[in-house]
Amino acid sequence: MDPLRQSPSPSSSRASSPRTLSCERLGYVGIEAVLDQLKIKAMKMGFEFNIMVVGQSGLGKSTMVNTLFKSKMWRSTMPGLRVPMPQTLQLHSMTHVIEENGVKLKLTVTDTPGFGDQINNDKCLRPLDLEFLQRLCRAVNVVPVIARADSLTIEEREAFRHRIQDDLKTHSIEVYPQKCFDEDVSDKILNSKIRERIPFAVVGADREHMVNGRCVLGRKTKWGIIEVENMAHCEFPLLRDLLIRSHLQDLKDITHNVHYENYRIFRLKESHALPRGPGWVNLAPASHGLPASPGPAKVCRWAEDTSDKDF
């Protein structure tokens with residue numbers, strides 16, 4: 001007998017489940033109205049989005065956030081005031097509510113003041129950056145950028161980009177959008193194009209200037225005005241489209257269904273590894289003959305969602 005036929009295949013095991021049949025309707029029911037219900041509910045509740053910016057002082061993190069949402073989200077240090085920044089000991093967060101055409105977004109921006117300012121290293125990515133990214137990519141979605149790209153020539157910018165891509169690949173640092181989360185062919189094509197341009201070379205500016213009779217966001221220099229929304233000048237439009245216009249909900253879903261679920265499973269397993277004492281609650285049946293492992297477990301993106309957290 002063929003050994004492959006000794007056990008039923010996954011397809012044959014699913015054959016016994018109830019079949020889904022199409023039903024011929026006799027008239028209009030109103031099922032499509034659920035889309036309007038979801039839209040009305042979303043408009044009432046609004047959306048939440050959390051961003052953490054990490055980098056050395058003076059790289060333009062505050063300006064980039066202000067440019068991203070075209071608002072005064074974060075106040076940077078006034079130019080000319082050289083205030084020494086201590087090493088990062090705690091995170092600083094600020095929350096704003098942005099409204100556009102009736103859609104409300106509760107945005108929380110977290111800054112890491114003084115990150116790595118005391119370390120002098122001329123490599124493409126410092127050891128601190130590599131260690132930080134390796135830990136961070138397991139907990140959140142990471143989108144690297146090349147700050148102050150106007151200080152580099154096009155050739156220098158491309159060479160710098162390739163060095164960073166090589167470092168990310170060598171040290172197994174998964175940045176967003178991750179290949180394992182491409183759901184279909186269209187997502188794979190779009191995300192592949194995005195991954196080719198990561199890290200994005202961006203220029204931030206929160207002032208408007210007149211260029212050829214039109215008002216644009218840009219940075220004025222002795223040689224002219226650098227337009228932040230002009231792809232010939234920088235790749236800020238790609239970053240904005242990724243974070244807001246095309247992948248915002250996907251970023252929230254991955255954070256909610258993958259990163260948070262991994263963290264939740266890790267904490268649950270960690271609680272079972274602790275000695276039982278007063279107030280100890282058995283949250284899940286213990287494995288027979290197997291000790292509880294405190295290590296994180298991989299959770300599929302489409303796994304059943306049982307939490308109430310949202311990012």
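Residues numbered from 1 in each chain as written. Predicted model: local features only at pLDDT ≥ 70, side-chain atom pairs only at ≥ 80, totals over all residues. Heavy atoms only, no water.

Under an unreviewed UniProt entry, the name given to the chain is Septin 12, and the organism recorded is Moschus moschiferus. If you open the UniProt record of the chain and go to Sequence similarities (unreviewed entry), you find "Belongs to the TRAFAC class TrmE-Era-EngA-EngB-Septin-like GTPase superfamily. Septin GTPase family." (UniProt positions renumbered as here; feature names shortened; annotations may be inferred.)

Digging into the sheet that holds strand 7 (residues 214–221)
Hydrogen bonds between backbone groups are what pair the strands of a sheet, and the pairing can be parallel or antiparallel. Strand order in the open sheet formed by 3 strands is 6-7-8, with antiparallel pairing between adjacent strands. At either margin of the open sheet sits one strand with a lone partner, and together these are strand 6 (208–211) and strand 8 (224–227). Direction aside, the axes of adjacent strands within the sheet are offset by 70° on average. Note: strand 6 against strand 7, 4 bridges, orientation antiparallel. Directly across from His209, in strand 7, lies its bridge partner Val216. (Pairing = 2+ DSSP bridges. Helix = DSSP H or I, 4+ residues; strand = E, 2+ residues; numbered from the N terminus. Axes fitted to C-alpha atoms, helices over the stretch in contact; angles between N-to-C directions.)

Some details on unusual backbone geometry
A cis amide bond links Tyr176 to the next residue, Pro177, at an omega of 0°. Across the junction of Ile198 and Pro199, the peptide omega takes the value 0°, indicating a cis bond. Take Pro199: it is sitting in the loop between helix 6 (185–197) and strand 5 (200–201). If you check the backbone angles, Asn101 has positive phi at about 55° while not being a glycine.

Concerning the packing of aromatic side chains
Inspection of the entire model under this criterion finds 1 aromatic pair. Summarising the aromatic geometry, the rings of Tyr260 and Tyr263 are spaced 6.5 Å apart at their centres and angled 40° between planes, so their arrangement reads as tilted. Separated by 3 residues within a single helix, Tyr260 and Tyr263 lie in helix 8 (residues 248–273), roughly one turn from each other. The class of Tyr263 is partly exposed, set by a relative accessible area of 46%. (Phe/Tyr/Trp six-rings, centres within 6.5 Å; stacked < 30°, edge-to-face > 60°. Buried < 20%, exposed > 50% of the residue type's maximum accessible area, 1.4 Å probe, protein only.)

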